[in-house]
Amino acid sequence: MPQILNALRARAWYAWVAFLVPPVAIFGHALAPGRAFLKGQDLGVLSALALAAVAFAAWVPFRASGRWPRLVVATMAVMLVAWLAQILVIQRDGDLFTIATVCLPLFVVLLAVKPPSAADIRIAGLVLAYGLAAIAVVSLVVGLLGWMPSGFEGADNGVCRTPVYCQIFGNVNRWAGPFGSVNYAAPVGAVLIVLGAAQVRRHAVPLVAAGVLIMFLSQGRSALFATIAGLVVVILSSRRVAASPQHRRIRAISLAGLAIVLVVYMTAVDPDLNGRVGYWKQFLGMWRDQPWTGIGTSGILDYNAAHTADITVSHAHSVILDQLVRWGPVMALLTVAILVLALLGSARALRTAGSGPLAVAVAIVVAGLVETLYDWTYWSVAVALLLWSVMSMRTPAAAQDEASRADAPA
């Protein structure tokens, strides 16, 4: 017992558990969708709450040292404000949310009060990444065996669109896995590829392999741009590029080339961005009806009911636009603020934590521009990784102090 207590005091096990919550909750939702097991709650909600209790229990004895940089504190504060504001506007609109919403403010407060060491922050990110890889592989196998709902069967799986893959497997549907949608699965693959590419080989190989598998099966084109953007960060931040006397020119030319490719794609190859331009026009039209307060989820449902002859969607296929239309400019500005803080914080983490945090933040931001991947109601994959990318800028002095304390004999 004393050894366990000493271990809990020395390492931030609670942070590892907190970052395990998103993949476990996702798998719980997918394993028995919509089925209530206790007090009307499904496995996803119950597992999130159970792990939150474990995280809190591990947090109590943990002895932290050092303080967060101001940018981290600011990010946490804005996240809490965004969470509270979103809960209030959801209730105003009469919409629903699950009790798992308590995980976001709980984990943010726990992390704020007792900062983990730099090593524990890195491990927390890997726990989340490996958790996502694990639920993807397990759900693929178990789904094919028929022991849980198959990721190839769903409302938005669509038809196969990768020529060679389609010919080999006979036009099989796109794969949503346990993530609920092909448009949610593909960005998870993008994050795993980007985060894996920034790791040492023993972590890079399994994470990149899992990410490629998810991207290949889900066949998400929009997530491909997030992957490319994240990989560009990893490459341009590498030691080889940094050591080159022409590193500024290399980075400038690379970024310019990427911008040109993007413009050509948007103008010549897919100007409608797979229908997203049309969706964005629809939502901007809705926004004009209530530009200051947003129309709420009820307003979007009313619009869709009144336009049954048209192709309508339930979200804006853009995190920022969806917040603007659904909940108004305040929520949109809070969203932009968090994304900017994540980019700034992860950029400052380049020297202490490498390119992984910035690459992940860039990938999430890019993916969120063309898909509604997250909001501030739940401790989701994207929300957890955005905060992780900022926390990775933990100051070297504080990190060294905690490493020395953790290695000291009890």
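Refer to the preceding data block for the structure.
Because the structure is predicted, anything quoted here is derived from the model rather than measured. (Residues numbered from 1 in each chain as written. Predicted model: local features only at pLDDT ≥ 70, side-chain atom pairs only at ≥ 80, totals over all residues. Heavy atoms only, no water.)

Draft legend 1. Looking closely at unusual backbone geometry. One non-glycine residue with positive phi stands out, namely Lys39, at about 50 degrees. For Gln219, which is not a glycine, the phi torsion comes out positive at approximately 55 degrees.

Draft legend 2. Up close: the side chain of His203. Residue position: His203 is located in helix 9 (residues 201-218). When its relative accessible area of 13% is taken as the criterion, His203 is described as buried. Ignoring sequence-local partners within four residues, the contact set of His203 consists of Arg122, Leu126 and Tyr130. (Helix = DSSP H or I, 4+ residues; strand = E, 2+ residues; numbered from the N terminus. Buried < 20%, exposed > 50% of the residue type's maximum accessible area, 1.4 Å probe, protein only. Contact = heavy atoms within 4.5 Å.)

Draft legend 3. Looking closely at helix 3 (residues 43-59). Across its 17 residues, helix 3 extends 24 Å between first and last C-alpha, which sits within 8% of the 24 Å expected from 1.5 Å per residue. Residues of helix 3 that are buried: Gly44, Val45, Ser47, Ala48, Leu51, Ala52, Ala55, Ala58 and Trp59. Along the long axis of helix 3, the arc covered by the buried residues comes to 165 degrees, so they all point the same way. Residues of helix 3 that are buried in the fold lie against helix 1 (2-10), helix 2 (13-31) and helix 5 (103-113). Its side-chain oxygen at 3.1 Å from the backbone nitrogen of Gly44, Asp42 defines the N-terminal cap of helix 3. (Expected span 1.5 Å × (residues − 1). Arc of directions from axis to C-beta. Polar contact = N/O pair within 3.5 Å; in protein donor to acceptor, adjacent residues only side chain to side chain.)

Draft legend 4. Spotlight on the packing of aromatic side chains. Scanning the model with the defined rule gives seven aromatic pairs in all. For the pair Phe56 and Trp59, a centre-to-centre distance of 5.7 Å together with 25 degrees between the ring planes defines the contact as stacked. In this pair, Phe56 and Trp59 are both assigned in helix 3, three residues apart and thus about one turn of the helix distant. Residue class for Phe56 comes out partly exposed when judged on its relative accessible area of 39%. One aromatic cluster in this structure is built from Phe19, Phe107 and Trp379. Between Lys114 and the ring centre of Trp59, over which it is positioned, the NZ or CZ distance is 4.4 Å. In this structure, Arg394 packs its charged tip against the face of Trp68, placed 5.3 Å from the ring centre. (Phe/Tyr/Trp six-rings, centres within 6.5 Å; stacked < 30°, edge-to-face > 60°. Lys NZ or Arg CZ within 6 Å of the ring centre and 35° of its normal.)

Draft legend 5. Focus on the packing of helix 6 (residues 118-144) against helix 8 (residues 182-197). Between helix 6 and helix 8, whose axes approach to 10 Å, the crossing angle comes to 130 degrees. Taken together, the axes of helix 6 and helix 8 are oblique relative to one another. For the pair helix 6 and helix 8, the sense of crossing is left-handed. Contact residues: Gly125, Ala129, Leu132 and Ala133 in helix 6; Val188, Leu192 and Leu195 in helix 8. (Axes fitted to C-alpha atoms, helices over the stretch in contact; angles between N-to-C directions. Parallel < 35°, antiparallel > 145°, perpendicular 65-115°, else oblique. Left-handed = near helix turned anticlockwise from the far one by under 90°.)

Draft legend 6. Examining the pattern of salt bridges more closely. Within this structure, the stated rule accounts for three salt bridges. Of the charged contacts in the structure, one is a salt bridge between Glu371 and Arg276, with a shortest N-O distance of 2.9 Å. Of this pair, Glu371 sits in the loop between helix 18 (356-369) and helix 19 (381-391) while Arg276 sits in helix 13 (residues 276-287), placing them 95 residues apart in sequence. Between Arg326 and Asp322 there is a salt bridge whose closest N-O contact spans 2.8 Å. Of this pair, Arg326 and Asp322 both sit in helix 15 (residues 319-327), separated by four residues, roughly a single helical turn. The exposure class of Arg326 is buried, given its relative accessible area of 9%. You can call Asp322 buried: its relative accessible area is 7%. (Salt bridge = Lys/Arg side-chain N within 4 Å of Asp/Glu carboxyl O.)

Draft legend 7. Here's a closer look at the packing of helix 2 against helix 3. In contact at an axis separation of 7 Å, helix 2 and helix 3 are set at 170 degrees when each is read in the N-to-C sense. By the criterion of interaxial angle, the relationship of helix 2 to helix 3 is roughly antiparallel. Contacts between helix 2 and helix 3 involve Trp13, Tyr14, Val17, Ala18, Leu20, Val21, Val24, Ala25, Gly28, His29 and Leu31 on the former and, on the latter, Leu43, Gly44, Val45, Ser47, Ala48, Leu51, Val54, Ala55, Ala58 and Trp59. Split by residue class, the contact of helix 2 with helix 3 holds 17 nonpolar, four polar and no charged. (Nonpolar A, V, L, I, M, F, W, Y, C, P; charged D, E, K, R; others polar.)

Draft legend 8. Local environment of the nonpolar core. Of all hydrophobic cores here, the largest spans 89 residues; its most connected members are Tyr14, Phe19 and Trp379. With residues near it in sequence (within four places) discarded, Tyr14 still touches Ala55, Ala58, Trp59, Phe62, Leu110, Leu111, Lys114, Pro115 and Pro116. Among the nonpolar cores identified, the runner-up in size contains 15 residues, and Ala186, Ala223, Val234 and Ala367 belong to it. (Core = buried A, V, L, I, M, F, W, Y, C linked by side-chain atoms within 4.5 Å.)

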